[in-house]
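# Commentary on secondary and tertiary structure
Here's the letter readout for the chains.
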Amino acid sequence: MTVFFVVIAFTYPYFSDLDLYSKNKRAVFLCIDNSFSMQAKAASSELFTLAKIDITDAFGVFSNTNSIYLLSNDRDMIVDEENDLAIKLSSIDYSAESFSSLKLKSRVSDIIERDGLSEAKLIVFSDFKEEMSKDDSLFSSMDMIRKYYKAEDNLNISVDSIWIKKVELASDRFTVNYRIKNTSSTNKIEYHEQIVLDGVVQQSLTKVSDAYRDSVFELDLVIPKSRKVSGVINIEDNALEYDNDLFFSVDFTTKSKVLFVGGNVPHKLKSLLNDAFMKMEYADVRALRNIELSEEHFLIFVLSPSLSSKDLSIVSNYMSSGRDLLIVPGEKLSRIEFNSYLSDLGIGSVLRKIGEQYLSHIDYENDFFSDIFNSRVDNFEYPLIKNTYSISSPNSQKLLELENGDGFLLNKIMGNSTVYIFSSDVFSSNSKFLEYDLSLPILYKMVSLNSKNKMYGIVGEQIDLSSDNSNLQIKIGEELIPFSYMDNGVLFFPKIENSGNYKIVSGDTIEKYISVNYPRKESDSYVKVEGLEKEIISYDEISEESSVEYLWKWSLTLAFMFLLIELSLILFFKEKR
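Quantities reported herein were computed from a predicted structural model and do not represent experimental measurements.

## Points about a nonpolar patch on the surface
There is a patch of nonpolar side chains on the surface, built from Phe-560, Leu-563, Leu-564, Leu-567 and Ile-570 and spanning about 500 Å² of accessible area. Take Leu-563: it is sitting in helix H10 (residues 539-576).

## Details of the layout of surface pockets
Roughly 270 Å³ of internal volume is contained in the second largest pocket. Every residue lining the second largest pocket is counted, 13 residues in all, and those nearest its centre are Gly-263, Asn-264, Gly-330, Glu-331 and Asp-425. When the residues that make up the lining of the second largest pocket are grouped by side-chain class, the tally is 5 nonpolar, 5 polar and 3 charged.

## Considering the sheet that holds strand E18 (residues 357-362)
Read across the open sheet, the 9 strands follow the order E14-E13-E15-E16-E23-E22-E21-E18-E19; overall the sheet is mixed. Either end of the sheet is taken by a strand with one partner, and the two such strands are strand E14 (278-283) and strand E19 (384-385). The pairing of strand E16 (residues 324-329) with strand E23 (residues 417-422) spans 3 bridges and is parallel. From the neighbouring strand, Leu-326 faces E23, where its bridge partner is Tyr-420. Across the sheet, helix H9 (residues 439-449) is in contact with strand E13 (256-261), E14, strand E15 (298-303), E16, strand E21 (397-402), strand E22 (407-414) and E23; its angle to E23 comes to roughly 160°.

## So, the pattern of salt bridges
A complete count under the given rule lists 8 salt bridges for this structure. Between Lys-103 and Glu-97 there is a salt bridge whose closest N-O contact spans 2.9 Å. For Lys-103, a relative accessible area of 47% gives the class partly exposed. Close ionic contact of Asp-115 with Arg-114 constitutes a salt bridge, the shortest N to O distance being 2.8 Å.

## So, the environment of Ile-354
Position of Ile-354 among the secondary structure elements: in strand E17 (residues 349-354). Given a relative accessible area of 9%, Ile-354 falls into the buried group.

## Let's talk about empty space enclosed by the protein
The probe, sized like a water molecule, is rolled over the atoms to show the empty space still left. Per the stated rule, a full pass over the model turns up 2 cavities of 30 Å³ or more. Elements with a minimum of two residues in the lining of the largest cavity: strand E1 (26-32) and helix H4 (101-114). Looking at the lining of the largest cavity, the element that brings in the most residues is H4, giving 3 residues. Classifying every residue of the lining of the largest cavity gives 6 nonpolar, 4 polar and 4 charged.

## Observations regarding the packing of aromatic side chains
Considering all chains together, one arrives at 16 aromatic pairs under this definition. For the pair Phe-483 and Phe-493, a centre-to-centre distance of 6.4 Å together with 80° between the ring planes defines the contact as edge-to-face. Within this pair, whereas Phe-483 is found in the loop between strand E27 (479-482) and strand E28 (485-487), its partner Phe-493 is found in strand E29 (residues 490-493), the two being separated by 10 residues in sequence. The class of Phe-493 is buried, set by a relative accessible area of 0%. Ring pairs connect the aromatic residues Phe-298, Phe-368, Phe-369 and Tyr-420, which therefore count as one cluster. Sitting above the plane of the Phe-368 ring, Lys-445 keeps its charged end 5.4 Å from the centroid.

## Section: helix H8 (residues 335-344)
Phe-338, Tyr-341 and Leu-342 are the residues of H8 that are buried. Buried residues along H8 cover an arc of 95° about the axis, so they all sit on one side. Summarising the geometry of H8, the exposed residues directed more than 90 degrees from the buried face are Ile-336 and Asp-344. Note on H8: the residue one or two positions beyond its end, Gly-346, has a positive phi of about 75°.

## Brief notes about unusual backbone geometry
Even without glycine at this site, Asn-395 takes up a positive phi of about 65°. Along the chain, Asn-395 falls in the loop between strand E20 (388-392) and E21.

## Description of the nonpolar core
Taken as a class, soluble globular proteins show a tendency for nonpolar side chains to be buried jointly. Judged by nonpolar contacts, the single largest core of 42 residues is most densely connected at Leu-30, Ile-55, Leu-70, Phe-125 and Ile-474. Top contributing element to this core by residue count: helix H2 (residues 47-62), with 7 residues. With residues near it in sequence (within four places) discarded, Leu-70 still touches Leu-30, Ile-55, Arg-75, Asp-76, Met-77, Val-79, Leu-85, Lys-88, Leu-89 and Ile-92. Formed by 37 residues, the second largest nonpolar core is a distinct cluster that contains Leu-273, Leu-359, Ile-362 and Phe-422.

## Let's talk about the pairing of strand E30 (residues 500-506)
Across the 7 residues that make up E30, a large majority, 5, are buried. Pairing of strand E26 (residues 473-476) with E30, which is carried by 3 bridges, proceeds in the antiparallel orientation. Considered in E30, the bridge of Ile-474 is made with Ile-504. As paired strands, E30 and strand E31 (residues 509-517) are joined by 7 bridges and run antiparallel to one another.

Parameters at a glance
Residues numbered from 1 in each chain as written. Predicted model: local features only at pLDDT ≥ 70, side-chain atom pairs only at ≥ 80, totals over all residues. Heavy atoms only, no water. Patch = residues over 30% accessible without salt bridge, like charges linked within 9 Å, V, L, I, M, F, W, Y side chains within 5 Å. Areas by Shrake-Rupley, 256 points an atom, 1.4 Å probe, with all protein chains shown as cover. Salt bridge = Lys/Arg side-chain N within 4 Å of Asp/Glu carboxyl O. Helix = DSSP H or I, 4+ residues; strand = E, 2+ residues; numbered from the N terminus. 1 Å grid on protein atoms, 1.4 Å probe; cavity = no way out; pocket = protein on both sides within 12 Å on 5 of 7 lines; lining within 4 Å. Points joined across faces, edges and corners; volume = space filled by probe spheres on them. Nonpolar A, V, L, I, M, F, W, Y, C, P; charged D, E, K, R; others polar. Pairing = 2+ DSSP bridges. Contact = heavy atoms within 4.5 Å. Axes fitted to C-alpha atoms, helices over the stretch in contact; angles between N-to-C directions. Buried < 20%, exposed > 50% of the residue type's maximum accessible area, 1.4 Å probe, protein only. Phe/Tyr/Trp six-rings, centres within 6.5 Å; stacked < 30°, edge-to-face > 60°. Lys NZ or Arg CZ within 6 Å of the ring centre and 35° of its normal. Arc of directions from axis to C-beta. Core = buried A, V, L, I, M, F, W, Y, C linked by side-chain atoms within 4.5 Å.

Right, dumping it as structure tokens:
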């Protein structure tokens, strides 16, 4: 019997019907990355096209002995036969949902549990641009094989960002800066650039840009009579076509309101938050009860000593109305009072007072900073904070962090309101936060996120506008799209699947423009990741390993068992003699 099972083990037996030797239900997950970065070109075709061809080849190997699941970034499907695979592959298009190894692992785990699968193999077809390159250990608990795709030239040029530099309303002119990101692997790259404003070409040039360098250009534009502007900057390259356009809108007819309550307003803050787009107003705490807070867009509330419960209830009602606010502890506020106010507002508590600390960390991964910085700055000159507090606030996020790990700027979602909390007085000599370049973009972002004057959106994400006008519609060409539903003065529109400048109309009147762009996070150069270059050599080897491997292991195990039995019997009869 020992010889028999040894022979069986080394013949690698194969059974076409898995049920002959196992009751386990097996599956193969063919996971295709259909994010926009898969538009990049390889030698023969787009990466996305190559992935579809490879999936078809893999299906032919695994379909006879496994249940096949086809997963993209935004869809889960079961495939029955080769014709069904072709139909389902053709239905998968590029998606605004980027590849996420964490989400993929969670989805596969849910399917395994739902369908009672005991064994599963993942084959992921992707350029692995983001999360997988950061932490490949996410799939260590799963049997996964990677098919890695890489663009031939690593070439991509994109309009990374645009911002207003200055406004001269008297002369109807304004100046924009726009940044071109060049991630080419060559020394220099030539490309065509075009700027269109309200349908009129403002500039059309062929330029040469240095590789690995961000080029910033300045352009003077004339404001039309309506003082509402929609424009687009177009870049022609031969890599990712989806990010060749950056759409933008400017509205000089409506200003976002900022209300500053309590304490003396620093001159620096007045200059930061008073411009063509923002209007700052001031009020004493005692006048707070006479102000219609619900009509203000953003509230900066400096906590002063001896606030009454009525003052705090007004702030609490403001939060419940769905408006955002910034809370700052005043210079003369004690730890006990600060703790009491945060507790009464349901925000959290103050653990202790801290001495001098440097600001040391920016949470670049947080969505709050998604369009503030062009790139991570490691050598940023961070300000010194003289006195600050350690705040405990459940479910809050640390946007800015001190060197001891405590949060310096936190944000917390409370219903439909976002509350920002500084752990220290940033409007006094206690810190020089306002003097640093970091302060302006952060304050602007806080105000703009809840502004009625919202003028931007991302492809694949829901568009929401704060407005009391229930007649607003999005105009796409000649088609009018009404909002889906309204909640607390916010209109929620369906997701827009294509980039462009769209009109927000009320009847025949254009209320504003809204610019919708593809996400820029996949426009960076392809990172070189050790270990991802290893490609699949043979699907047949994978299939053989997954379908037959444990049969020869069982045969070897039985061979050893019979060998032990035979040795025991020989020893037993030898002793008898």
